[in-house]
Amino acid sequence: MTNMSMVEAIRDALDVVMTKDDRVIVFGEDVGYFGGVFRCTQGLQEKHGKLRCFDTPINESGIVGTAIGMAAYGLRPCIEIQFADYMYPAFDQISQEASRIRYRSNGDFTCPMVIRMPTGGGIFGGETHSQSPEALFTHVSGLKTVLPSNPYDVKGMLIAAIEDPDPVIFLEPKRLYHGPFDGHHEAEAKTWKGHPLGEVPEGYYTVPLGKAAVRREGADVTVLTYGTMVHVALAAAEEQGVDAEIIDLRSLLPLDLETIEASVRKTGRCVVAHEATLTSGFGAELAARIQKECFYHLEAPVRRVAGWDVPYPHAQEWYYFPGPARLGQALLETLEA
Amino acid sequence: MTNMSMVEAIRDALDVVMTKDDRVIVFGEDVGYFGGVFRCTQGLQEKHGKLRCFDTPINESGIVGTAIGMAAYGLRPCIEIQFADYMYPAFDQISQEASRIRYRSNGDFTCPMVIRMPTGGGIFGGETHSQSPEALFTHVSGLKTVLPSNPYDVKGMLIAAIEDPDPVIFLEPKRLYHGPFDGHHEAEAKTWKGHPLGEVPEGYYTVPLGKAAVRREGADVTVLTYGTMVHVALAAAEEQGVDAEIIDLRSLLPLDLETIEASVRKTGRCVVAHEATLTSGFGAELAARIQKECFYHLEAPVRRVAGWDVPYPHAQEWYYFPGPARLGQALLETLEA
Amino acid sequence: MPNPAKARITIPEPEFRPGDVPDYSNVKIPEAGAVSLPPLDVEPRLLRNHAFSIIRILTRDGEAVGPWANLLTEDEMIAGLRHMMTLRVLDKRMTAAQRQGKTSFYIAQTGEEAVTTAFQRALSPGDMNFPTYRNAGLLVAQDYPLETMMNQIFSNQKDPLAGRQLPVLYSAKDYGFFTVSGNLGTQFVQAVGWAMAAAIDGSDKIAAGWIGDGSTAESDFHSAMVFASTYKPPVVLNIVNNQWAISTFQGIAKGESGTFAARGLGFGMASLRVDGNDFLAVHAVSKWAVERARQGLGPTLLEHVTYRAGGHSTSDNPEAYRPKAESDAWPLGDPIERLKLHLIKRGIWSDERHKQTEAEITDMVVTAQKAAEKNGTLNSGPFAERSSIFEGLYAEMPSHLKRQKEAAEQSL
Amino acid sequence: MPNPAKARITIPEPEFRPGDVPDYSNVKIPEAGAVSLPPLDVEPRLLRNHAFSIIRILTRDGEAVGPWANLLTEDEMIAGLRHMMTLRVLDKRMTAAQRQGKTSFYIAQTGEEAVTTAFQRALSPGDMNFPTYRNAGLLVAQDYPLETMMNQIFSNQKDPLAGRQLPVLYSAKDYGFFTVSGNLGTQFVQAVGWAMAAAIDGSDKIAAGWIGDGSTAESDFHSAMVFASTYKPPVVLNIVNNQWAISTFQGIAKGESGTFAARGLGFGMASLRVDGNDFLAVHAVSKWAVERARQGLGPTLLEHVTYRAGGHSTSDNPEAYRPKAESDAWPLGDPIERLKLHLIKRGIWSDERHKQTEAEITDMVVTAQKAAEKNGTLNSGPFAERSSIFEGLYAEMPSHLKRQKEAAEQSL
Ligand SMILES: Cc1ncc(C[n+]2csc(CCOP(=O)(O)OP(=O)(O)O)c2C)c(N)n1
Ligand SMILES: Cc1ncc(C[n+]2csc(CCOP(=O)(O)OP(=O)(O)O)c2C)c(N)n1
Ligand SMILES: [Mg+2]
Ligand SMILES: [Mg+2]
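Treat the numbers as computed from the prediction; the structure is a model and nothing was measured. (Residues numbered from 1 in each chain as written. Chains lettered and ligands numbered in written order. Predicted model: local features only at pLDDT ≥ 70, side-chain atom pairs only at ≥ 80, totals over all residues. Heavy atoms only, no water.)

For the rest of this paragraph, the subject is the UniProt feature "domain: Dehydrogenase E1 component" (unreviewed entry) in chain C. Sequence positions flagged by UniProt for "domain: Dehydrogenase E1 component" (unreviewed entry) are, in local numbering, residues 83-378 of chain C. Secondary structure over residues 83-378 of chain C splits into 42% helix and 11% strand, and the C-alpha atoms at its two ends are 27 Å apart. (UniProt positions renumbered as here; feature names shortened; annotations may be inferred. Helix = DSSP H or I, 4+ residues; strand = E, 2+ residues; numbered from the N terminus.)

What follows is the structure in structure tokens.
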């Protein structure tokens, strides 16, 4: 076990798989010599060579499109989109191509690839460095979409994703890269040092895609969340003294229906939280599913706590971000309902 | 009043606005001389000239991107994407640009434009001529998304959309272009002749965006739906003898919250239906909202009837399509719950 | 509103519209044999003329001339002719089958048969095409089973794609034929990626990308050109300029000057323009480009100049936007007639033999069709299995799909 | 796995990395005055040399030579120098302000000041730029109020963009400056659309698109080129080749041959390459292109060859990927020094006057900054209004946003 930041854990995961399997190829904008603007690929080119880790032209559709061709050939591309906000030019290749190669060819061709992208706000990135587009991916049949919230998971899940036979959207909450963040932006930034999930095993291990993790057991209300908001939820429950069961979904598709449903049936109440805008966010899917599957157990409506339905503003970042106060309020309202 | 198909009503709407306002410009692939692959722009080039209606290169991002520039200049572009399935290459320009020109410039520039696109299945179009991507648009702050279900609405709403000061995604259910369709594909195709909503006023009128229409009043269950599924819902209620209140949303964003909530509070039960795939479809947003706003009125969970979570298959189209049998079953289950 | 006195914008228009008499006598067609054969390691910037002229071998009289000629044996040429003829018969029969309701849709390549059949002949086993919907010749040139193609077209119970895909969107990995997408252009850059993979893997395989004239306007054309010119992987990028994109003439994609091949020059990429209705020229230029790629000398952009003699698809009526007789006026002639004339000229073919071959091929296609129809048609079944729509989206079915599959079965 | 014996793929690399001593003495810089001045209605295909060479006016000794020279009055040149100097001081102060936490982020254009300031001088009121984040010179050259720029940079209560946008993503319609996007390339094709609109509307306005070397790889570069070459609207498309895209050298976007300007040749578009550090050359070439557009003679692609002397942004550390001294080795010199030398040579400027002007400008910038800081900084406020984030997304606020606005106010 070594203490690592999420960035270090990602780097380590890539190094482990690249060493194990020479079909794994890593590329993207500024990913080669420099090692990525968040430094997640630092050192990989030097160690594994220019043909295994390299810079690309600034063309996200080309990055994904070439990766699809490579995957069809038999390699295992793991590509980086510099910010999730910049995946939109590639959305055609992701949603209409990668997702369907296996299906439309009836298994003649497959498309094992991972698309890594930093997601979420909290770094004063404004509307084009802060978005959380996960809901869009979950509406696309044929993709898997995961979003780890700590160094331990990010390493194990990234290895699992690269070994997965199908395309995986791998979202990395950039505000967690260097330390956990509970939404208290006015407090000093923390590092992963001392955090139990900052302890990362050396070498190879996987965390399976499709399994949620219960971060806090509780009896009164279930919180379904992922990414940065996991840490916000933990803080909110603590601060409001609410006995919440906090589930870190980790994988949005496939979704761990069993864990989710069992928890809500137990608590009878549920709050869903994400940073993405509210309308048609992934929280809608969660709320819709829960009210259907757990209707007779629900004692209060499922509340959603989310980013407001406007572009992520620069200066008003903390007014926009669904921090512990907003989430705490929703917990109390749900308990009182 | 004249009886018109949806195609004719669209054409008529375009002609009326182009005649009224010479800032209105119509373009897209095959839209000029030929009048569009669905013939919605037939005759417009001849009448209004090549500078007002013309063919474009096959580049959807370019079509939307140039339209944004035109709108910023002060024109009112109304563009056609040949199939909604082909909007993906333009999704960056739509979701990251058109939607935010007003906001990010704080009103210095605006982007009044309409993006028309045929949507939905039922014509053996396979996975790339059948998709219903409306949910993706509704997750984007700054867009309006509408989806009329008949000739009367399509004309009035298209005129309203072109006159709207903000970008409007205008989805046209292609299976309804030439006649209503209730999902009974084995029956002979109907035309709009004789259908009350096929009677279209001549000249200028608008149907406001953001207002739903109650297509059938009922006491026992509310059906929230739009597009082709409106006709399927009417048939399903009839066939199952269910006293359903069927609401044609017409506009998904802005959404007519008042009409929806009042109806569900009245009936206490709700079924949501769309052709798009289930997971993270717009039905999720509707169900999430209703269980929240009408929780204490609901006597049964909100059920969703939707396309299965796979690409739209070619040969198995009718197994995929959420026809009257599937919707009818959901109605009965909701009443019995 | 527009003031014609200062029109500062052009809306390109084709020369002829329905009602006009098409006349292409002003179109300058370079002489056969006139364009030089560059060395494989030529500096791309020297190929300016090759990107603007048209490389041709067959003269009007059926002579094969110039430095690109004489690569194929007589047997190979006859085989090529047979492939083109097979493709044409297949297209005719399947178009008719669509009219009879046996399928929903069909796309023919009438008039363009030389492009794909001659190109495929330049490839080796293991190479991979990334085709469009109009490149069935790549399969026919490999004697891919016609019955299997038809099973796909009819979406029947033996359809290798299980009824999922629109007719003609084949997939055949073993024949170096990548699954065809309905979305234009996407495959062009995927071909570049495949070629990069082949190079990274140290294999000697090459990839071939395919795109239509209209689709060169798509963004992924640019993605492909950028990645190919940067990394120089072993790929041949083919533009099939058949003059039309549904109802839109090539001047909308290209503008009114230059050529599609010229787009490659700005990328420092070897770019050549070839007479797409000249089987020998397509083959020779393709072989040159394939060999360059194979040897690691870089990517090549080829523009095949041809003509879409039929409608865009069975859903299209070209008489609504171009003169009826336009395809006859097209100055590059018919690829089958031209190769036939050459073979006759060589004394290894005759009108009778041609007729006889035509009859044989028709027989073969009809036999295949009968066999395929036994497996079902879209009209009458038996169909591809219904509940198989839930299979094969992921390697392993996730629980939400299992639930949906069950629900679907219950709602029957 | 890769077998170097048959490497069929290239990964381009810059010549120099940290630790190397950069030496550009092998880079051939064409002589000032050597490239001809074509007539405005030149046939684009004749401009081959213009797309590969570099149009330059100022010699090493500060002489202005050749057919492109002598367009500007002395007052105009002095004004240009002042604008460049202002931009540089602004960049220095704002970079420092970012370090002090007064804002989150800043992007400087150090070393590239000539490109935008000289270009803007060729435009007329009513023309519209579609800029990138590194084109603030378009505003400075119009004496746009520095305080207003800083209000935006500080996201304070007088920020014209109400705190919504990342610093430097200005919007100023009245100054012909389109709202800047954080997404690369999107604005390039929007510029083409604006120009089409101007032409359709019968106005005499023109549009100018802007893009970086790295961003030419983006798909919307292609969209812009396709639409511009097809419709030929009044637009000037500017590529600012500052050699770097964050840590990525221009050879990744361009490949290892040709020029960015050459990309235009394949589209039949007039394409010229200009010394972006030569104020006079940028202005002359820009004026030529703007005039062509104005007269309806078609679009022009300009490549401004310059060098990004600083980091990509305040978040970047260029020493991690290029030699520290590389910007000094850059053979085209510094644009301010070069124009200064010319003015001194002409006898209308001096070292003292330069220093004095520098002091004046610093004063002006400092005064503006003090005023702006009174309106607030990101660090300390007063801020742009919080609940204004719900305003102005739509012309009229829909009910779901009204509900959210209320909820937000309650959760305070
Ligand atoms: C992204 C996308 N946009 C639009 C279409 C609709 N469409 C199908 S074929 C076609 C014309 C293509 O023309 P071209 O590239 O010249 O190929 P050809 O049909 O002539 O072989 C169009 C516009 C599509 N399939 N995909
Ligand atoms: C679509 C998109 N992809 C990636 C980025 C991240 N990014 C911001 S600036 C930049 C480099 C751009 O380089 P260049 O175009 O040369 O412009 P320069 O910064 O040199 O002026 C990158 C990759 C982005 N903003 N948008
Ligand atoms: Mg074509
Ligand atoms: Mg640059």
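Anyway, onward from the coordinates.
Another aspect to go through is the coordination of the magnesium ion (ligand 4). All names here are of chain D. Distances from the magnesium ion (ligand 4) to its protein donors, namely D213 (OD), N242 (OD1) and W244 (O), fall within the range 2.0 to 2.1 Å. If you list the donors of the magnesium ion (ligand 4) from N- to C-terminus, the spacing comes out as D-x28-N-x1-W. Taken as a pair, D213 in the loop between strand 2 (207-212) and helix 7 (219-231) and W244 in strand 4 (residues 244-245) lie far apart in primary sequence, 31 residues in all. Exposure class is identical for D213 and W244. Each is buried. (Donors = N, O, S within 2.8 Å, 3.2 Å for Na, K, Ca; no water. Buried < 20%, exposed > 50% of the residue type's maximum accessible area, 1.4 Å probe, protein only.)

We now examine the interface of chain A and chain B. With 47 residues of chain A at the interface, the matching set in chain B holds 47 residues. Summed over both partners, the interface of chain A with chain B buries about 4,100 Å², with 57% contributed by carbon and sulfur atoms. Inspection of the region where chain A meets chain B yields 4 salt bridges. The tally of links from chain A across to chain B stands at 26 residue pairs in polar contact (both at pLDDT 80 or more). Elements with a contribution of two residues or more to the side of chain A that touches chain B: helix 4 (91-97), helix 5 (101-104), helix 6 (134-138), strand 13 (270-277), helix 10 (282-293) and strand 14 (303-307) of chain A. Here the side of chain A that touches chain B takes 8 residues from helix 10 of chain A, the largest share from any one element. Here the side of chain A that touches chain B is built from residues that sort into 22 nonpolar, 13 polar and 12 charged. (Contact = heavy atoms within 4.5 Å. Buried area = accessible area lost by both parts, 1.4 Å probe. Salt bridge = Lys/Arg side-chain N within 4 Å of Asp/Glu carboxyl O. Polar contact = N/O pair within 3.5 Å; in protein donor to acceptor, adjacent residues only side chain to side chain. Nonpolar A, V, L, I, M, F, W, Y, C, P; charged D, E, K, R; others polar.)

Moving on: the environment of A208(C). Residue and element names in this part refer to chain C. Structurally, A208 is set in strand 2 (residues 207-212). Once the C-alpha coordinates of A208 and P234 are considered, the two residues, 26 residues apart in sequence, prove to be 8.7 Å apart. Setting aside its immediate chain neighbours within four residues, A208 contacts F119, M128, N129, F130, A191, V236 and N238.

With that out of the way, let us pick up the side chain of S263(A). On the secondary structure map, S263(A) appears in helix 9 (residues 257-267). A polar atom in the side chain of S263(A) sits 2.9 Å from the side chain of E245(A).

It is worth spelling out the interface of chain D and chain B at this point. Each side of the interface is counted separately: chain D has 44 residues, and chain B has 45 residues. When the two sides are added together, the surface that chain D and chain B hide from each other amounts to roughly 3,700 Å², 59% of it contributed by carbon and sulfur. Summed over the shared surface of chain D and chain B, the number is 1 salt bridge. The salt bridge partner of E261(B) is R403(D), with a shortest N-O separation of 3.1 Å. Between chain D and chain B we count 24 residue pairs in polar contact (both at pLDDT 80 or more) in total. At 10 residues, the largest contribution of residues to the side of chain D that touches chain B is made by helix 6 (residues 186-200) of chain D. Partitioned by chemical class, the residues of the side of chain D that touches chain B number 23 nonpolar, 15 polar and 6 charged.

Moving on: the site of ligand 1. Taken together, the neighbourhood of ligand 1 is formed by 20 residues, with E60(B), Y133(C), R134(C), D213(C) and S215(C) sitting nearest. More than one chain approaches ligand 1, the contributing ones being chains B and C. Contact between ligand 1 and G182(C): a nitrogen atom at 2.8 Å from a main-chain N or O atom of the residue. D213(C) places a side-chain nitrogen or oxygen 2.6 Å from an oxygen atom of ligand 1. Protein burial of ligand 1: of its 590 Å² of free accessible surface, 96% is covered by the chains. Per-class residue counts for the shell around ligand 1 are 7 nonpolar, 8 polar and 5 charged. (Near = heavy atom within 4 Å. Areas by Shrake-Rupley, 256 points an atom, 1.4 Å probe, with all protein chains shown as cover.)

Let's shift gears to the site of ligand 2. Surrounding ligand 2, one finds 20 residues, the nearest of these being E60(A), Y133(D), R134(D), D213(D) and S215(D). Mapping the residues near ligand 2 onto chains gives chains A and D. Within the side chain of S215(D), a nitrogen or oxygen atom sits 2.5 Å from an oxygen atom of ligand 2. Taking H312(D), its side chain carries an N or O atom lying 3.3 Å from an oxygen atom of ligand 2. Relative to its unbound accessible area of 590 Å², ligand 2 is 96% covered by the protein chains. Split into classes, the residues belonging to the shell around ligand 2 amount to 7 nonpolar, 8 polar and 5 charged.

All right, on to the domain arrangement of chain A then. Note on interface size: it is often stated as the accessible area lost on association of the parts. All names here are of chain A. Segmentation of chain A into domains returns domain 1 (2-200) and domain 2 (213-336). Distance from the C-alpha centre of domain 1 to the C-alpha centre of domain 2: 25 Å. In this assembly, 35 residues from domain 1 lie in contact with 30 residues from domain 2. Run the count over domain 1 and domain 2 and you get 2 salt bridges. Close ionic contact of R250 with D153 constitutes a salt bridge, the shortest N to O distance being 3.1 Å. The interface formed by domain 1 and domain 2 holds 15 residue pairs in polar contact (both at pLDDT 80 or more) in total. At the level of secondary structure, the elements contributing two or more residues to the side of domain 1 that touches domain 2 comprise helix 6, strand 6 (144-146) and helix 7 (151-163). (Domains from an automatic or database assignment.)

This part covers the packing of aromatic side chains. By the definition in use, this model includes 61 aromatic pairs over all chains. Between Y88(A) and F91(B) the ring centres are 5.8 Å apart and the planes differ by 40 degrees, which places this aromatic pair in the tilted class. Separated into two different chains, Y88(A) in the loop between strand 4 (76-80) and helix 4 and F91(B) in helix 4 (residues 91-97) make up a pair that spans both. Following the ring pairs from residue to residue traces out a cluster consisting of Y88(A), F91(A), F137(A), Y88(B), F91(B) and F137(B). (Phe/Tyr/Trp six-rings, centres within 6.5 Å; stacked < 30°, edge-to-face > 60°.)

This paragraph deals with the pairing of strand 11 (residues 244-248) of chain B. Residues and elements named next belong to chain B. Burial within strand 11 is extensive, with 5 of its 5 residues counted as buried. Here strand 11 shows a buried face lined by A244, I246 and D248 and a second buried face lined by E245 and I247. Inspection of the sheet shows strand 9 (residues 213-216) paired to strand 11 by 3 bridges, in the antiparallel sense. By the bridge assignment, V214 is partnered in strand 11 with I247. As defined by bridge partners, strand 10 (residues 221-225) adjoins strand 11 across 5 bridges and the pair is classed as parallel. Its bridge partner lying in strand 11, L224 is registered against I247. Taken together, strand 10, helix 8 (residues 228-240) and strand 11 constitute a β-α-β crossover, and its handedness is right-handed. (Pairing = 2+ DSSP bridges. Right-handed = clockwise from strand over helix to strand, strands pointing away.)

Right, let's talk about the coordination of the magnesium ion (ligand 3) for a bit. All names here are of chain C. Taken together, D213 (OD), N242 (OD1) and W244 (O) make up the full set of protein donors to the magnesium ion (ligand 3), lying 2.0 to 2.1 Å away. The sequence motif formed by the donor residues of the magnesium ion (ligand 3) is D-x28-N-x1-W. Note on accessibility: N242 and W244 belong to one class, buried.

A word on the pairing of strand 7 (residues 168-173) of chain B. All names here are of chain B. By the criterion of burial, strand 7 is predominantly enclosed, with 6 of the 6 residues buried. Neither face of strand 7 is exposed, since V168, F170 and E172 on one face and I169, L171 and P173 on the opposite face are all buried. Across 6 bridges, the pairing between strand 5 (residues 114-119) and strand 7 is parallel. Note on strand 7: the bridge partner recorded for T119 is P173. Pairing of strand 6 (residues 144-146) with strand 7, which is carried by 3 bridges, proceeds in the parallel orientation. Directly across from K144, in strand 7, lies its bridge partner V168. Regarding the hand of the β-α-β motif, the stretch spanning strand 6, helix 7 (residues 151-163) and strand 7 is right-handed.

Before going further, it helps to spend a moment on the confidence of the model for chain C. Residues and elements named next belong to chain C. Looking at chain C as a whole, its pLDDT mean stands at 96, while 98% of the residues score no less than 70. Ranking the elements of chain C by mean pLDDT puts helix 10 (residues 326-329) last, at 90, and strand 1 (residues 128-130) first, at 99. Confidence drops under pLDDT 50 across residues 1-5; counting only partners more than four residues distant or on other chains, this segment forms 6 contacts. (pLDDT = per-residue confidence, 0-100.)

The next subject is the UniProt feature "domain: Transketolase-like pyrimidine-binding" (unreviewed entry) in chain A. Here, the residues flagged by UniProt with the feature "domain: Transketolase-like pyrimidine-binding" (unreviewed entry) are residues 4-179 of chain A. What you have in residues 4-179 of chain A is 36% helix and 16% strand, and the ends, taken at the C-alpha atoms, are 10 Å apart.

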